[in-house]
Amino acid sequence: MSGYQERPVELPWPYSPRDLDPEPVKSCGRCAALAEERSKHRDQAEYGLAVIAGMKIAEHVRGGSHNDTPETPD
């Protein structure tokens with residue numbers, strides 16, 4: 001016996017691609033600005049900042065003006 005488990009443990013991926021790379025709403029200026037910021041950071045290999053911009057898009061879509069609730073200030 002080698003001391004290792006017989007089979008590796010496979011943990012579920014906690015995020016869906018939609019969570020990691022949310023789609024901006026097409027007619028929204030705020031979503032467009034955040035998508036442009038995300039793209040710029042990806043082009044410059046600043047992936048952490050790109051993820052943050054994606055999180056801002058998701059938060060804006062969920063809690064912003066796209067679901068008939070007041071938008072929270074930045």
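Here the structure is a predicted model, which is why all the values come from computation and not from measurement.

Some words on the overall build of the protein chain
A tally of regular secondary structure across the protein chain gives three helices and zero strands. When its helices and strands are written in sequence order, the protein chain yields α-α-α. The buried share among the 74 residues of the protein chain stands at 20%. Restricting to contacts in the protein chain with at least 6 residues of sequence separation, those with at least 24 account for 36%. Here the protein chain has roughly 6,300 Å² of accessible surface; of this, 55% comes from carbon and sulfur atoms.

Quick word on helix α3 (residues 47-63)
Look at α3: 24 Å from first C-alpha to last across 17 residues, which is about the 24 Å you get at 1.5 Å a residue. For α3, every residue scored as buried is listed here: Ala50, Ala53, Gly54, Ile57, Ala58 and His60. One side of α3 carries all its buried residues, which in axial view fall inside an arc of 160°. Facing away from the buried side of α3 by more than 90 degrees, the exposed set consists of Met55 and Arg62.

What counts, and where the lines are drawn
Residues numbered from 1 in each chain as written. Predicted model: local features only at pLDDT ≥ 70, side-chain atom pairs only at ≥ 80, totals over all residues. Heavy atoms only, no water. Helix = DSSP H or I, 4+ residues; strand = E, 2+ residues; numbered from the N terminus. Buried < 20%, exposed > 50% of the residue type's maximum accessible area, 1.4 Å probe, protein only. Contact = heavy atoms within 4.5 Å. Areas by Shrake-Rupley, 256 points an atom, 1.4 Å probe, with all protein chains shown as cover. Expected span 1.5 Å × (residues − 1). Arc of directions from axis to C-beta.

Function-wise, these values are silent; they only describe arrangement.
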